[in-house]
Amino acid sequence: MTKEFQHKILEALKEKDISPRPRWTFLVKEKMIWASAGVVIVLGSLAAATTIAIVSMHDLDIAGRLEHTKAGWLLLSLPYAWIVLLVGFLLLAEYNIRHTKQGYRYSLIKITGGVIGLSIIGGLGLYSIGLGHDLDDVMSRHVPAYEKFGNRRAAHLLNPERGVLAGKVLVQEEEFWQIQDVEKHIWVVSVEDAEIVGREHTLVGKPVRVIGELIKDDEAYAFEAGEILPMKPPHGFDRTERKPLRERRPPPQQTRTQ
Amino acid sequence: MQHTQMPDTTDEELAVLTISNQALFGILIERYEGKLRRYIHRITSVTKEDCDDILQEIFINVYKNLAGFDTSLSFSSWIYRIAHNHVRSQFRKKQARPQSIIIDADILENMASDEDLHSTLDKAFAKETLERALAQLDEKYRTVLVLKFLEEKEYKEISDILQKPSGTIGTLINRAKKKLRAILEKESV
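Residues numbered from 1 in each chain as written. Chains lettered and ligands numbered in written order. Predicted model: local features only at pLDDT ≥ 70, side-chain atom pairs only at ≥ 80, totals over all residues. Heavy atoms only, no water.

Chain B appears in an unreviewed UniProt entry as RNA polymerase subunit sigma-24. For the record of chain B, the UniProt heading Sequence similarities (unreviewed entry) holds the text "Belongs to the sigma-70 factor family. ECF subfamily." (UniProt positions renumbered as here; feature names shortened; annotations may be inferred.)

Student: Describe the domain arrangement of chain B, with residues and values.
Tutor: Many authors give the size of an interface as the accessible area that is lost as the parts come together. Residues and elements named next belong to chain B. Structurally, chain B comprises domain 1 (11-94) and domain 2 (107-188). On the domain 2 side, the residues contacting the 14 residues of domain 1 number 15 residues. Where domain 1 abuts domain 2, roughly 1,200 Å² becomes buried across the two surfaces, and 48% of that area is made up of carbon and sulfur atoms. Taken together, domain 1 and domain 2 are joined by two salt bridges. A salt bridge links R88 to E139, with the nearest nitrogen and oxygen atoms 3.4 Å apart. The tally of links from domain 1 across to domain 2 stands at seven residue pairs in polar contact (both at pLDDT 80 or more). (Domains from an automatic or database assignment. Contact = heavy atoms within 4.5 Å. Buried area = accessible area lost by both parts, 1.4 Å probe. Salt bridge = Lys/Arg side-chain N within 4 Å of Asp/Glu carboxyl O. Polar contact = N/O pair within 3.5 Å; in protein donor to acceptor, adjacent residues only side chain to side chain.)

Student: Provide a residue-level description of unusual backbone geometry, including the pertinent values.
Tutor: Notably, D17 of chain A is not glycine yet its phi reads approximately 50°, a positive angle. Looking at where D17 of chain A falls in the secondary structure, it is placed in the loop between α1 (2-15) and α2 (23-56). Judged by relative accessible area, D17 of chain A falls into the exposed class, the value being 66%. The backbone of Q163 of chain B sits at a positive phi, close to 55°, despite the residue not being glycine. (Helix = DSSP H or I, 4+ residues; strand = E, 2+ residues; numbered from the N terminus. Buried < 20%, exposed > 50% of the residue type's maximum accessible area, 1.4 Å probe, protein only.)

Student: Lay out the domain arrangement of chain A in plain terms, naming residues and giving numbers.
Tutor: Residues and elements named next belong to chain A. Here chain A is described as being made up of domain 1 (3-142) and domain 2 (156-230). Measuring from the centre of the C-alpha atoms in domain 1 to the corresponding centre in domain 2 gives 41 Å. Residue-level contacts link nine residues of domain 1 with 10 residues of domain 2. Carbon and sulfur atoms supply 61% of the area buried between domain 1 and domain 2, which totals about 850 Å² over both sides. For the domain 1 face of the interface with domain 2, the top three residues by lost area are I62, R65 and L66, together amounting to 57%. Along the contact surface separating domain 1 from domain 2 lie one salt bridge. With a shortest N-O distance of 2.7 Å, D59 and R209 are connected by a salt bridge. If you look at where domain 1 meets domain 2, you find one residue pair in polar contact (both at pLDDT 80 or more).

Printed below as a string of structure tokens:
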């Protein structure tokens, strides 16, 4: 049987002109798997860096005013979209590593631990050189509705009923400022009695946090500022310059001032 | 090169030489035909003709992928892996399950010497009962027991064949033994 069987297979190989696949195809496949695992780990590190950057700007100083415990506020402030992205990248990296030649030899715990460790170390490294902030900035400029799912800091700080407002300064005058919040409403903020922390020559174009009181007004979005605090990035606002109300043509519809 | 047995040449060396000399593949076929044929019969139920076809496909697959042979493995583990994956993909849909697995007397002795199975095998004991019981196990448990006790592979080899971590293999074997013992106890009542 053996000789006959051998002969049959060798004949089949000859007849069908089958030859071994070249070694380089296996090498390329293996390198591609490792390379894609590497790319995914770098992407995971970027997601981790941005997550760290966003979490580092926790606004705990305002949590109490918004009637949140510090832990509750931190949980609310976590950038879940970035965390989901990070987990997605980790799963992809793990899948790739498990499909390398030796990948099956390592337990799920070892691979998962390794991938998480690498992403966290990479994330801290990228955060320390400012890439977390930069990526958040790029996303806020180019990704529509980023402030609604990516960095929700500005949205969480928009609670005028509880005396907290966050927005970008459009006009800065002696008594009144115009501030545009994350929902694109333009607020007229009275700053006459406000303490402006870390005052700069001009804050136009920059986001600020305003602590104060909502002025009940059916005609306008109006607010009385008691304290104006700087809002360091990442804040989730698009950092491109916006023109104030009077310089726009036609006048914006969403404000109730004028 | 003349097609001889080349007894002093290892399988791993032969695999490398075969890439440039097709005729040497005959020696590898000769070395593994019997083992793989038995393995296929043990993990699935096929007729002799089907087994021939499957074996032929496996050897052609092995030949095509010779340059991808991972030298960190033994050739035996690698060829068993290809055979296992091929059989599994062919029969996954059909759910082909052997009605009975043929066990030699020395293999029965080997299994009975395992401390987890010793007492049960003492009681149960008809060889046929064990053969039927193995056939009743789920595929993943049957496969690890077949590799461990019938093919007499080490944990590391089983890990390389099934592409699972050694720890997982240990767990699978333990569970498989428990399940086998339960079936045997039920059969002996």
